[in-house]
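# Notes for the structure review
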Amino acid sequence: MKFKFEMFKPAIVLTVITVIISAVLIITANFMPDTSGVITDKLRNKCVELMGEGEFELVLDKPDLVDKMIVKDDGSVAFEITVRGYKPDGLTLLVAMNGDGSVRGVAVIAVRDDPGIGTKVEDPGFLSRFVNADSPVSIVRGTPKDDNEIEGITGATYSAKGVADAVNIAMEVYSQLGGVSD
């Protein structure tokens, strides 16, 4: 009998350790504060970058198409939106809106694509191309033919399209909220 127990001893010890660690993680998670209604420092800094200094409030009853909706004390609004980059959910962007429904600015919150992929969209020159967009935009290769077309970035096709998708979602949500009269 001793021979059989010795064979299973490492597996039993490992199982006990796993159960103890799992229990500690579950207990710890139950004592962690809920941060779903908190504006992180990084998000606040991006809000200030796009909308200027002020007090920002996270709207908990947000539209389904956005991750977060942030309202500044002057009534301006921004949306945190996660879109496909090279990978699904590869980009999280903040899109701030003007009162007329046009885009005030775009900032990258996170790039979760493979290292080196998607980071080209963080270039301020690229993001500034979306400022004042007031109707759905698309990414094109080469020179844009009209105001709704934005020149993409070589080597960042999926990510550039993701930024355009986020901008289009923000304009649609802002319009649905009644921020723009059609």
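Let me sum up the structure you'll find in this document. (Residues numbered from 1 in each chain as written. Predicted model: local features only at pLDDT ≥ 70, side-chain atom pairs only at ≥ 80, totals over all residues. Heavy atoms only, no water.)

## Here's the deal with unusual backbone geometry
In this structure, asparagine 132 is a non-glycine residue whose phi angle is positive, near 75°. Tracing the sequence through the fold places asparagine 132 in the loop between helix 3 (124-127) and strand 6 (138-140). A relative accessible area of 52% means that asparagine 132 is categorised as exposed. (Helix = DSSP H or I, 4+ residues; strand = E, 2+ residues; numbered from the N terminus. Buried < 20%, exposed > 50% of the residue type's maximum accessible area, 1.4 Å probe, protein only.)

## A short note on a negative patch on the surface
Together, Asp100, Asp134, Asp146 and Asp147 make up a negatively charged patch on the protein surface. Within the fold, aspartate 100 resides in the loop between strand 4 (91-97) and strand 5 (103-111). Among the residues examined, aspartate 100 registers a relative accessible area of 55% and is labelled exposed. (Patch = residues over 30% accessible without salt bridge, like charges linked within 9 Å, V, L, I, M, F, W, Y side chains within 5 Å. Areas by Shrake-Rupley, 256 points an atom, 1.4 Å probe, with all protein chains shown as cover. Salt bridge = Lys/Arg side-chain N within 4 Å of Asp/Glu carboxyl O. Lys, Arg positive; Asp, Glu negative; His and termini not counted. Charge placed at Lys NZ, Arg CZ, Asp CG, Glu CD.)

## What about the pairing of strand 1 (residues 56-59)?
Burial along strand 1 is one-sided: the residues Phe56 and Leu58 are buried and none of Glu57 and Val59 is. As paired elements, strand 1 and strand 2 (residues 68-72) share four bridges and run antiparallel to each other. Considered in strand 2, the bridge of valine 59 is made with methionine 69. (Pairing = 2+ DSSP bridges.)

## Describing the pairing of strand 5
Where strand 4 meets strand 5, seven bridges bridge the pair, whose relative direction is antiparallel. Across the sheet, residue leucine 93 finds its bridge partner in strand 5, namely valine 108. Hairpin geometry of strand 4 and strand 5 is characterised by an intervening segment of five residues between the two adjacent antiparallel strands and by a positive phi of about 95° at glycine 101.

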